[in-house]
Amino acid sequence: MKSMKKIAKNIVQRPLFEHSIIALILLNAAILGLETAPALVAHYGDWFELGHHLILTAFIIEAALKITAVAPRLKLYFGDGWNLFDFSVILFALIPATGELAVIARLARLLRVLRLISTIP
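Here the structure is a predicted model, which is why all the values come from computation and not from measurement. (Residues numbered from 1 in each chain as written. Predicted model: local features only at pLDDT ≥ 70, side-chain atom pairs only at ≥ 80, totals over all residues. Heavy atoms only, no water.)

**Quick look at the packing of aromatic side chains**
This structure, assessed with the given rule, holds five aromatic pairs. Taking the centre distance of 6.5 Å and the plane angle of 50 degrees together, the rings of Y44 and F48 count as tilted. Of the two residues, Y44 and F48 are both situated in helix α3 (residues 38-70); the distance of four residues between them amounts to about one turn of the helix. Assessed through its relative accessible area of 8%, F48 is described here as buried. (Phe/Tyr/Trp six-rings, centres within 6.5 Å; stacked < 30°, edge-to-face > 60°. Helix = DSSP H or I, 4+ residues; strand = E, 2+ residues; numbered from the N terminus. Buried < 20%, exposed > 50% of the residue type's maximum accessible area, 1.4 Å probe, protein only.)

See the structure below:
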């Protein structure tokens, strides 16, 4: 178990990991923006949906790695406001949504762009 913790900690502390997550946040925002054009959705809707699923999977892996890196002291993860926000967005994205709730779910995913504020020196 300790070796898994060390591996996870080594991964999440690398700048490449953080840069990759930032790139995924921006890609997710771009996809959400492109989905506002009905013509694009008609042609590429399946690709957009695949992109959402892949990005959500990456965010779930990110959260799992960060939680593993601090286990069993979960307060280190959930005590950080941005981690708590990210975790909430992931949970919200996993809830099937239709109608007005779908719009709110998309907005929650887009709000993850706010996380970029924490990366600006």
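**Thoughts on the environment of I31**
Mapped onto the elements of the fold, I31 is located in helix α2 (residues 15-34). Note on I31: relative accessible area 9%, which makes it buried. Residues I31 and G51, 20 residues apart in the sequence, show an inter-C-alpha distance of 7.7 Å. For I31, the contacting residues outside a window of four places in its chain are F48, G51, H52 and I55. (Contact = heavy atoms within 4.5 Å.)

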